[in-house]
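Given next are the chains, with one letter for each unit.
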Amino acid sequence: MNLQFVKYSLKEGIKNVWINGIMSMASIAVMVCCMILTGSALLLSLNLSSALKSVEHQNSMTVFLKKGVTKDQISKVEEKIRNVPNILKYEYYSSEQASEKYREVLGGLYEVLHESGSPFPEAFHISMKDLGLYEKTVEELKSIENVDSVSDRSDTAKRLSDLNRLISTAGMWTVCSLGIVSMFIIANTIKLTIHSRRVEIGIMKSVGATNWFIRAPFIVEGIIIGIASALISSVILNFAYKTFVDVLGGIISFHGIYSKNIFLSILGYFLIAGLIFGVVGGLISIRRYLKREGVSFEG
Amino acid sequence: MIEFKNVVKNYETGTRALDGLNLIIPDGQFLFIVGASGSGKSTLLKIFTKEEEPSSGKVIVNGLDITTMKKRKIPYYRRSLGIVFQDFRLIEKMTVFENVAFAMHVIGAHPREVSSRVDYVLNLVDLRDKSSRKVRELSGGEKQRVGLARALVNNPGIIIADEPTGNIDPAMSFDIVNLLSSINECGTTVIMVTHDITLVKMFNFRVVEISHGRLINDNKKVVKIE
Ligand SMILES: Nc1ncnc2c1ncn2[C@@H]1O[C@H](COP(=O)(O)OP(=O)(O)O)[C@@H](O)[C@H]1O
Ligand SMILES: [Mg+2]
């Protein structure tokens, strides 16, 4: 492989993308969509994992009391909670407090949803001393009279990890199928370019250009499409996700994970994927062509 | 020397295009191949350029049997041939110069060699002053001269032309064959297929006639002494 060959292939590859402008843009657009979908699945999964971790490290829980308990009954429950050995601290969280907070979040919508009364039960926020005694403490709290339920982290954790598994599986299928789609898109775009340059290819064969000389520009074309898609989708995904986290974080207490590193690695994955799809797409399309046309010089 | 030995070509459609053809072409010869349409002339050339494989028989070029040649060697073999097409096969949107230079670029020639060599061959075909014209603006005769320049640019030992005058008027046709003959005088073997008998008669070269895939006439038969 000499410098001449590299220069020639790059120049002709760029020319290919240019000649086939509309198709190149269309295939970049489709690939960008594929990559954004893939990236979204990845980010969702990362967020769920991080949520899962924070749930697992929680030493707090909420004890909900039965509907319609009296002030007296609440004090009795408080008394009993104080006597549970593993309790570090507890705090009464009234039905009104809960609905107040909810009203803050929802604004006017709250009135529409709840015409009268607070829909929330009376509750206690509790912190534990020893996380190891989690299960036992939950049991003790549950056995207290008038306690309806205890927010159980294992429940949440299970739901989160189920969701995460679902998203990982779905994400993997998405990545696989979108990968195949991307490859075909690239291959078809390049096939069109090949078709529009068939006279040149025939001439190349007749004057004795090697197959690599014939192939290389189309592989470069695939690589350009792949890399452009990777760059564009990374930028869009970064921007969209940041906005999403900011906006959502303002509405509910959602702490989306965000760091430059995540996007650098996403960019990295996309670039590698784009590169592979570009090369494979290019090889597939020209391979078929070289085979179908045999060694003939006809266009 | 080029030697066709009992070459048979059956196409998948069942057509027998060549039927045991034998032909010897010494180095530096000018050879006209004539014959009715469908007699197998193009097939003969396609086997020679490795566009088609013979069903049986051998084709020996400078001592090498090209029918058993490895696929990846084909491009290098083709560099020893200069191929001229009836329909010119030029890139219309490119200039005359670019069309000829293209043939050098795609076999990895160094850019420094390209310019002077292209100028040289364009001079040979008398097109140096049209070097920067787009091919689509040229007449048929001029286009074929570009085709000829391109075939010559990589300095092949053999020129192969399948009806190179088929798409141009008679006066221009004579010019083209004249050019081929002056190239031939410099030692290049020229094989030209044509059905223009008047044109053939204007030159005193070897003429072979093919009919139904066999050689039926040869005015200067070459016999190999084994
Ligand atoms: N690719 C092909 N497939 C099938 N038959 C072909 C093909 N090329 C040529 N032929 C047939 O082979 C015969 C010889 O064709 P060709 O060599 O083109 O003749 P010529 O050039 O003398 O007119 C014709 O009958 C033609 O129809
Ligand atoms: Mg023919």
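A brief look at the structure comes next. All figures in this text were calculated on a predicted structure; none of them were measured in a lab. (Residues numbered from 1 in each chain as written. Chains lettered and ligands numbered in written order. Predicted model: local features only at pLDDT ≥ 70, side-chain atom pairs only at ≥ 80, totals over all residues. Heavy atoms only, no water.)

**Thoughts on the overall build of chain A**
For chain A, the count of helices and strands is 10 helices and four strands. Looking at chain A as a whole, 40% of its 299 residues are labelled buried. Long-range pairs, those at least 24 residues apart, make up 84% of the contacts in chain A with a sequence separation of at least 6. (Helix = DSSP H or I, 4+ residues; strand = E, 2+ residues; numbered from the N terminus. Buried < 20%, exposed > 50% of the residue type's maximum accessible area, 1.4 Å probe, protein only. Contact = heavy atoms within 4.5 Å.)

**Digging into the packing of aromatic side chains**
Two numbers describe a pair of aromatic rings. These are the distance of the centres and the angle of the planes. Under the criterion given, the structure shown has 11 aromatic pairs over all chains. Measuring from ring centre to ring centre gives 5.8 Å for Phe203(B) and Phe205(B), while their planes differ by 5°; the resulting arrangement is stacked. We note that Phe203(B), like Phe205(B), is buried. Linked through ring pairs, Phe30(B), Phe32(B), Phe174(B), Phe203(B) and Phe205(B) together constitute an aromatic cluster. Directly above the aromatic system of Trp212(A) lies the positively charged group of Arg215(A), at a separation of 4.4 Å from the ring centroid. (Phe/Tyr/Trp six-rings, centres within 6.5 Å; stacked < 30°, edge-to-face > 60°. Lys NZ or Arg CZ within 6 Å of the ring centre and 35° of its normal.)

**A short note on the site of ligand 1**
All names here are of chain B. Close to ligand 1 lie Tyr11, Thr13, Thr15, Ala17, Ala36, Ser37, Gly38, Ser39, Gly40, Lys41, Ser42 and Thr43, which account for all nearby residues. A distance of 3.4 Å separates a nitrogen atom of ligand 1 from a polar side-chain atom of Tyr11. One of the backbone nitrogen or oxygen atoms of Gly38 is found 2.6 Å away from an oxygen atom of ligand 1. Against a free-state accessible area of 560 Å², the protein chains account for coverage of 65% of ligand 1. Here the residues of the shell around ligand 1 are counted per class, giving three nonpolar, eight polar and one charged. (Near = heavy atom within 4 Å. Polar contact = N/O pair within 3.5 Å; in protein donor to acceptor, adjacent residues only side chain to side chain. Areas by Shrake-Rupley, 256 points an atom, 1.4 Å probe, with all protein chains shown as cover. Nonpolar A, V, L, I, M, F, W, Y, C, P; charged D, E, K, R; others polar.)

**Brief notes about the sheet that holds strand β1 (residues 60–65) of chain A**
All names here are of chain A. Ordered by their spatial adjacency, four strands build an open sheet running β2-β3-β1-β4, and the pairing between neighbours is antiparallel. Of all strands in the sheet, those with a lone pairing partner are β2 (87–93) and β4 (147–150), marking the two edges. Strand-to-strand twist across the sheet, computed as the mean angle between neighbouring axes with direction ignored, equals 25°. Direction of pairing for β2 relative to strand β3 (residues 123–128): antiparallel, over a ladder of six bridges. The residue bridging Lys89 from the neighbouring strand is Ser127, located in β3. Contacting β1, β2, β3 and β4, helix α6 (residues 134–142) runs over the sheet at an angle of about 160° to β4. (Pairing = 2+ DSSP bridges. Axes fitted to C-alpha atoms, helices over the stretch in contact; angles between N-to-C directions.)

**A closer look at the packing of helix α3 (residues 96–105) of chain B against helix α4 (residues 111–124) of chain B**
Residues and elements named next belong to chain B. For the pair α3 and α4, the least separation of the axes is 10 Å and the interaxial angle reads 125°. When the interaxial angle is binned, α3 and α4 end up oblique. The element α3 and its partner α4 pack so that their crossing is right-handed. Facing α3, whose interface residues are Val96, Phe97, Val100, Ala101, Met104 and His105, α4 presents Glu113, Val114, Ser115, Arg117, Val118, Asp119, Val121 and Leu122. (Parallel < 35°, antiparallel > 145°, perpendicular 65-115°, else oblique. Left-handed = near helix turned anticlockwise from the far one by under 90°.)

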